[in-house]
Amino acid sequence: MFRALSRLSAAGFRSLTATRTGCSAPLVSRCYSHGKVETDEEFDSRWITYFSKPDIDAWELRKGMNTLIGYDLVPEPKVLDSALRACRRLDDLASAIRILEAVKDKAGPHKDIYPYVIQELKPTLTELGISTPEELGIDKF
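Residues numbered from 1 in each chain as written. Predicted model: local features only at pLDDT ≥ 70, side-chain atom pairs only at ≥ 80, totals over all residues. Heavy atoms only, no water.

Asker: What is the right way to read the overall build of the protein from this model?
Answerer: Along the protein, the regular secondary structure elements total seven helices and zero strands. By residue count, 27% of the 141 residues in the protein fall in the buried class. Long-range pairs, those at least 24 residues apart, make up 62% of the contacts in the protein between residues at least 6 apart in sequence. Within the structure as shown, the protein displays about 10400 Å² of accessible surface, and the carbon and sulfur contribution to it stands at 58%. (Helix = DSSP H or I, 4+ residues; strand = E, 2+ residues; numbered from the N terminus. Buried < 20%, exposed > 50% of the residue type's maximum accessible area, 1.4 Å probe, protein only. Contact = heavy atoms within 4.5 Å. Areas by Shrake-Rupley, 256 points an atom, 1.4 Å probe, with all protein chains shown as cover.)

What follows is the structure, encoded as structure tokens:
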């Protein structure tokens, strides 16, 4: 009985370790997107339109900013202008300051980007009554 059991288990083990020569691996194909490539101007206008919606709510503002900040870029000042105006329409100063902090964070080690963005947004910030994190003293934490 033990001999029959060992013969069955050995045959089963051999069938597991045997390689099949008739099988071939499937061919790997790469699927690249063949969709339309969006230009920088179209990208900016899409986000300006998004933030310029008159019925935008706080959730849509945060969702849009999270998506925009998730991209590997620093948003253009005209897009940020539109987002800051949306913050003003919603009377949401905290989100406006968070937007400026996110831009500073996205600029990273490039020390010339954030001052340029603030310089371009200065008229809008003055018009809307929004202070920068540096003016509020919260950039030192």
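Asker: Just to check I follow, could you spell out helix 4 (residues 77–89) for this structure?
Answerer: Residue pairs three or four apart in sequence face the same way in an α-helix, which turns once every 3.6 residues. With 13 residues, helix 4 ought to run about 18 Å at 1.5 Å a step, and its terminal C-alpha atoms sit 18 Å apart, in line with that. Its buried side turned inward, helix 4 meets helix 2 (40–51), helix 3 (58–70), helix 5 (93–107) and helix 6 (113–128). Within two residues after helix 4, D91 carries a phi angle of roughly 55°, on the positive side. (Expected span 1.5 Å × (residues − 1).)

Asker: Before we go on, may I ask you to explain the nonpolar core in this structure?
Answerer: Burial of nonpolar side chains together is a common tendency in soluble globular proteins. In this structure, F51, M65, L84 and L100 are the most contacted members of the largest nonpolar core, which totals 26 residues. Of all elements in the fold, only helix 2, helix 3, helix 4, helix 5 and helix 6 reach the threshold of two or more residues within this core. With residues near it in sequence (within four places) discarded, F51 still touches I56, L61, G64, M65, L68, V79, S82, A83, A86 and R89. (Core = buried A, V, L, I, M, F, W, Y, C linked by side-chain atoms within 4.5 Å.)

Asker: Sorry if this is basic, but what is going on with the packing of helix 2 against helix 3 here?
Answerer: Relative orientation and spacing of two packed helices are given, respectively, by the angle between their axes and the distance between those axes. Where helix 2 meets helix 3, the axes come as close as 10 Å, and the angle between the chain directions of the two elements is 160°. What the angle tells us is that helix 2 and helix 3 run roughly antiparallel. Seen along the crossing, helix 2 lies across helix 3 with a hand that is left-handed. Residues F43, W47, Y50 and F51 of helix 2 form the contact with helix 3, whose own contacting residues are E60, L61, K63, G64, M65, T67 and L68. (Axes fitted to C-alpha atoms, helices over the stretch in contact; angles between N-to-C directions. Parallel < 35°, antiparallel > 145°, perpendicular 65-115°, else oblique. Left-handed = near helix turned anticlockwise from the far one by under 90°.)

Asker: What is the right way to look at the packing of aromatic side chains in this model?
Answerer: The description of two aromatic rings rests on the distance between their centres and on the angle between their planes. Evaluation of the coordinates by the stated rule reveals six aromatic pairs. Look at W47 and Y50: their rings are 5.4 Å apart centre to centre, the planes differ by 70°, and that puts the pair in the edge-to-face class. Residue W47 and its partner Y50 are both found in helix 2; the two are separated by three residues, about one turn of the helix. Taken together, the ring pairs in this structure connect F43, W47, Y50, F51 and Y71 into an aromatic cluster. (Phe/Tyr/Trp six-rings, centres within 6.5 Å; stacked < 30°, edge-to-face > 60°.)

Asker: Is there a simple way to explain the packing of helix 5 against helix 6 in this structure?
Answerer: At a minimum axis distance of 9 Å, the contact between helix 5 and helix 6 shows a crossing angle of 160°. By the angle class used here, helix 5 and helix 6 are roughly antiparallel. Where helix 5 crosses over helix 6, the handedness of that crossing is right-handed. Here helix 5 contributes L100, V103, K104 and A107 to the contact with helix 6, which in turn contributes I113, Y114, V117, I118, L121 and L125. Residues that form the contact of helix 5 with helix 6 fall into these classes: nine nonpolar, no polar and one charged. (Nonpolar A, V, L, I, M, F, W, Y, C, P; charged D, E, K, R; others polar.)

Asker: Explain the environment of E120 here, please?
Answerer: With respect to the element layout, E120 can be found in helix 6. For the pair formed by E120 and E76, sequence separation is 44 residues and the distance between their alpha carbons is 9.6 Å.

Asker: Got a minute to help me understand the environment of L90 in this structure?
Answerer: In this structure, L90 sits in the loop between helix 4 and helix 5. Beyond its immediate sequence surroundings of up to four residues, L90 is in contact with I56, D57, A58 and L61.

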